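Listed below are the residues making up each chain.
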Amino acid sequence: MTRTQTADGRRGPLEVNGRRYPWPDRPVVVVCVDGSEAAYHERAVADGRMPFLERMLERGADLRADCAMPSFTNPNNLSIATGAPPSVHGICGNYFYDPASDAEVMMNDPELLRADTLFARFSQQGARVAVVTAKDKLRRLLGRGLKGGICFSAEKAGEATEEENGIGKVLERVGMDQPSVYSAELSELVMAAGVSVLESERPELTYLSLTDYIQHKHAPGSPVANAFYAMLDHWFERIDALGAVLVVTADHGMNAKSDGAGEARVVFLQDVLDARLGSAGGPRARVVLPITDPYTVHHGALGSYATVHLPDGTDLAAVAAGLAATEGVLEVLTRDEACARFELPGDRIGELVVVAERNTVLGTSPERHDISGFTEPLRSHGGLSEQRVPFLVNVPVAPGRWLPAGHRLRNFDSYWLATALAAAPAGD
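Since we're looking at a predicted model, the values are computed, not measured.

A.B. asks: Looking at this model, I keep getting lost on the overall build of the chain. Mind explaining?
C.D. replies: In terms of regular secondary structure, the chain is built from 15 helices and 19 strands. Computed over the C-alpha atoms, the radius of gyration of the chain is 21 Å, within 12% of the 22 Å expected from 2.2 N^0.38 for a compact globule of 428 residues. Taking the principal axes of its C-alpha atoms as reference, the chain extends roughly 70 × 45 × 45 Å. For the chain, the proportion of its 428 residues judged to be buried stands at 59%. Here the contacts in the chain between residues at least 6 apart in sequence split such that 71% fall between residues at least 24 apart. Roughly 16300 Å² of accessible area belongs to the chain as shown, and the carbon and sulfur atoms make up 48% of that amount. Of note, the chain has its 41 positive side-chain charges centred 5 Å away from the centre of its 56 negative side-chain charges.

A.B. asks: Mind showing me how you'd approach the environment of proline 24 here?
C.D. replies: Inspection of the secondary structure puts proline 24 in the loop between strand E2 (19-21) and strand E3 (28-32). With 103 residues separating them in the primary sequence, proline 24 and alanine 127 have C-alpha atoms 9.7 Å apart. In this view, proline 24 contacts Phe122, Glu204, Leu205, Thr419, Ala422 and Ala423; residues no more than four positions away in its chain are not counted.

A.B. asks: Whenever I open this one, the pairing of strand E8 (residues 150-153) confuses me. Can you help?
C.D. replies: Consecutive residues of a regular strand have side chains that alternate between opposite faces of the sheet. Covered by surrounding structure in E8 are Ile150 and Phe152 together with Cys151 and Ser153, the residues of both alternating faces. Relative to E8, strand E7 (residues 129-133) runs parallel, the two being bridged by 4 bridges. Across the sheet, the residue bridging to alanine 130 is isoleucine 150, located in E8. Considered for its hand, the β-α-β crossover made up of E7, helix H6 (residues 136-142) and E8 is right-handed.

A.B. asks: Whenever I open this one, the packing of aromatic side chains confuses me. Can you help?
C.D. replies: This structure, assessed with the given rule, holds 8 aromatic pairs. Taking 6.1 Å as the distance between ring centres and 50° as the angle between the ring planes, the aromatic pair formed by tyrosine 182 and tyrosine 213 counts as tilted. Here tyrosine 213 lies in helix H10 (residues 213-217) and tyrosine 182 lies in the loop between helix H8 (170-174) and helix H9 (184-201), a separation of 31 residues in the sequence. Owing to a relative accessible area of 19%, tyrosine 213 belongs among the buried residues under this scheme. An aromatic cluster is built from Tyr40, Phe228 and Tyr229, whose rings are joined through pairwise contacts. We note arginine 19 situated over the ring of tryptophan 416; from NZ or CZ to the ring centre the distance is 4.5 Å. Across the ring face of tryptophan 402, the terminal group of arginine 401 is positioned such that the distance to the ring centre comes to 3.8 Å.

A.B. asks: Explain the side chain of asparagine 74 to me, please; I cannot follow it from the model alone.
C.D. replies: On the secondary structure map, asparagine 74 appears in helix H3 (residues 73-82). Apart from the residues lying within four places of it in its own chain, the contact partners of asparagine 74 are Ile91, Gly93, Asn94, Met107, Lys137, Leu138 and Leu141.

A.B. asks: Could you clarify how one ought to interpret the nonpolar core in this entry?
C.D. replies: Nonpolar side chains in soluble globular proteins tend to end up buried together. Ranked by size, the top nonpolar core spans 62 residues in total, and within it Phe119, Tyr207, Val393 and Tyr415 carry the most contacts. By residue number, the principal contributor to this core is helix H15 (residues 414-423), which donates 6 residues. Apart from residues no more than four positions distant in its own chain, tyrosine 415 is found in contact with Tyr21, Val28, Val30, Ile80, Leu118, Phe119, Leu205, Thr206 and Tyr207. The next biggest cluster of nonpolar side chains, apart from the first, holds 50 residues, and it includes Met56, Ala130, Leu189 and Ala244.

A.B. asks: It is not clear to me how the packing of H9 against helix H11 (residues 223-241) should be interpreted in this structure. Could you clarify?
C.D. replies: Packed helices, taken two at a time, are described by their axes: the angle between them and the distance between them. Packing of H9 against H11 brings their axes to within 10 Å, and their N-to-C directions diverge by 5°. Relative to H11, H9 is oriented roughly parallel. Listed contacts from H11 to Ala184, Ser187, Glu188, Met191, Ala192, Val195, Leu198 and Glu199 of H9 are Phe228, Met231, Leu232, Trp235, Phe236, Arg238 and Ile239. By residue class, the composition of the contact of H9 with H11 is 11 nonpolar, 1 polar and 3 charged.

A.B. asks: Hey, could you run me through H15 in this one?
C.D. replies: Note on helix geometry: an α-helix contains 3.6 residues per turn, so any two residues three or four positions apart are oriented the same way. For H15, the buried fraction is high: 9 of the 10 residues fall into the buried class. Residues Ser414, Tyr415, Leu417, Ala418, Thr419, Ala420, Leu421, Ala422 and Ala423 constitute the buried set of H15.

A.B. asks: It is not clear to me how the pattern of salt bridges should be interpreted in this structure. Could you clarify?
C.D. replies: Pairing between side chains of opposite charge can happen when their charged atoms approach one another. In this structure the tally under the stated criterion is 24 salt bridges. Across the pair aspartate 66 and arginine 388 runs a salt bridge whose closest N-O atoms are separated by 3.0 Å. Here aspartate 66 is found in strand E4 (residues 61-66), whereas its partner arginine 388 is found in strand E19 (residues 388-393), with 322 residues between them in sequence. By relative accessible area, aspartate 66 is classed as buried at 13%. Here arginine 341 ties to glutamate 331 by a salt bridge, and the two come within 2.5 Å at their closest N and O atoms. Placement of the pair is arginine 341 in helix H14 (residues 335-342) and glutamate 331 in strand E15 (residues 329-334), with a sequence separation of 10 residues.

A.B. asks: Mind showing me how you'd approach H3 here?
C.D. replies: H3 sits mainly inside the fold: 10 of its 10 residues count as buried. Inspection of H3 places Thr73, Asn74, Pro75, Asn76, Asn77, Leu78, Ser79, Ile80, Ala81 and Thr82 among the buried residues, and these make up the whole buried set. Within two residues after H3, glycine 83 carries a phi angle of roughly 70°, on the positive side.

A.B. asks: Hey, could you run me through the sheet that holds strand E16 (residues 352-356) in this one?
C.D. replies: Within a beta sheet, neighbouring strands are joined by backbone hydrogen bonds and run either parallel or antiparallel to one another. Ordered in space as E13-E14-E16-E15, the 4 strands form an open sheet in which the pairing is antiparallel. Of all the strands in the sheet, just strand E13 (286-288) and E15 have a single pairing partner and so form its edges. Across the sheet, the mean angle from the axis of one strand to that of its neighbour is 25°, orientation sign disregarded. In terms of strand pairing, E13 meets strand E14 (residues 305-309) through 3 bridges, oriented antiparallel. The partner of valine 288 across the bridge, within E14, is threonine 307. Packing of helix H13 (residues 316-324) onto the sheet brings it into contact with E15 and E16, and relative to E15 it is tilted by some 165°.

Quick notes on the rules
Residues numbered from 1 in each chain as written. Predicted model: local features only at pLDDT ≥ 70, side-chain atom pairs only at ≥ 80, totals over all residues. Heavy atoms only, no water. Helix = DSSP H or I, 4+ residues; strand = E, 2+ residues; numbered from the N terminus. Rg over C-alpha atoms; globule rule 2.2 N^0.38 Å. Buried < 20%, exposed > 50% of the residue type's maximum accessible area, 1.4 Å probe, protein only. Contact = heavy atoms within 4.5 Å. Areas by Shrake-Rupley, 256 points an atom, 1.4 Å probe, with all protein chains shown as cover. Lys, Arg positive; Asp, Glu negative; His and termini not counted. Charge placed at Lys NZ, Arg CZ, Asp CG, Glu CD. Pairing = 2+ DSSP bridges. Right-handed = clockwise from strand over helix to strand, strands pointing away. Phe/Tyr/Trp six-rings, centres within 6.5 Å; stacked < 30°, edge-to-face > 60°. Lys NZ or Arg CZ within 6 Å of the ring centre and 35° of its normal. Core = buried A, V, L, I, M, F, W, Y, C linked by side-chain atoms within 4.5 Å. Axes fitted to C-alpha atoms, helices over the stretch in contact; angles between N-to-C directions. Parallel < 35°, antiparallel > 145°, perpendicular 65-115°, else oblique. Nonpolar A, V, L, I, M, F, W, Y, C, P; charged D, E, K, R; others polar. Salt bridge = Lys/Arg side-chain N within 4 Å of Asp/Glu carboxyl O.

Okay, here's the thing in structure tokens:
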């Protein structure tokens, strides 16, 4: 759909992936606080570390939403960017097995994306767009099709150029050194750079995607977590003062994945399947862990969701029943069941999908997961227990006016709601 103008000269809405997005009259900023859950900001507010957010939620909206499944970074960032579930955009993990090439593939190639992003479509119609991510793995996916605009990662901020990223000298601009990818400062750089761009360029759409390094290491209410959220509070206040409609959500939640003694609770699915089906000669079952990415210090490639590819002729029902009876496994779904329930692309998952219980993660075999260097008990995500996330808005959201009755709020409703709020007459 091409951009139109209304009778009063205002730019008309765009339709992207089957949803209608009004052209905003003031800036829209969506912040994806990677790995967040309500307890983090609630504890920080209660402890006096987020005074601005406390005030903001008194006049705005303190909502909850469901993220896309699996509750991992790539599927949810692309869902927020496209306004659609993985069945539409095709990114169903950080990592998947491609049977056609018999290869396990990182899902960071823009060619794997099956839908336009809002950023691409709005920029192609003349909007100014800024996308700042913590991790470089997301930059190319989120920037696909972007015309002009700004798109760079904090991980490689020192390498950003006007020609490649629409911005240069990022570190000098915000007065920071290049942070480690394993640090709170990486997210702080995203926020500082995003606010700097908002102030100087006034993009119609801004997306700021953080890293969950802190959430993987520190529980809600801990001193380190509270300090991190206090830092965010400062930048949220700056965004609000610049007149933007602000939505703060998350790509997924986070939970402890250990027992009372702090030992990781892991179901090693490859070992379970090899014991059942055999591992010597011939085709074997293949367990794929879609949490896998280049940043294993966060989680050791252990999450609460896995897919299983099985050899032809396998008794699917018997294998599913055996896995479902395994201690620590919450449920096992067939491909068709998982696609229907979780809105997944069927050609990019296995014959079975396995979801772990709240405090359990899924692995392949012990020798393939090194968590010996962890200094805190394992915290991770991926399952249904990490699907509920915050959805915080700095302006009122009247029930029935902006959200239809019975609407299941999703994190990927962020721009759908925010652009409507930003296009509304003042006081509406």
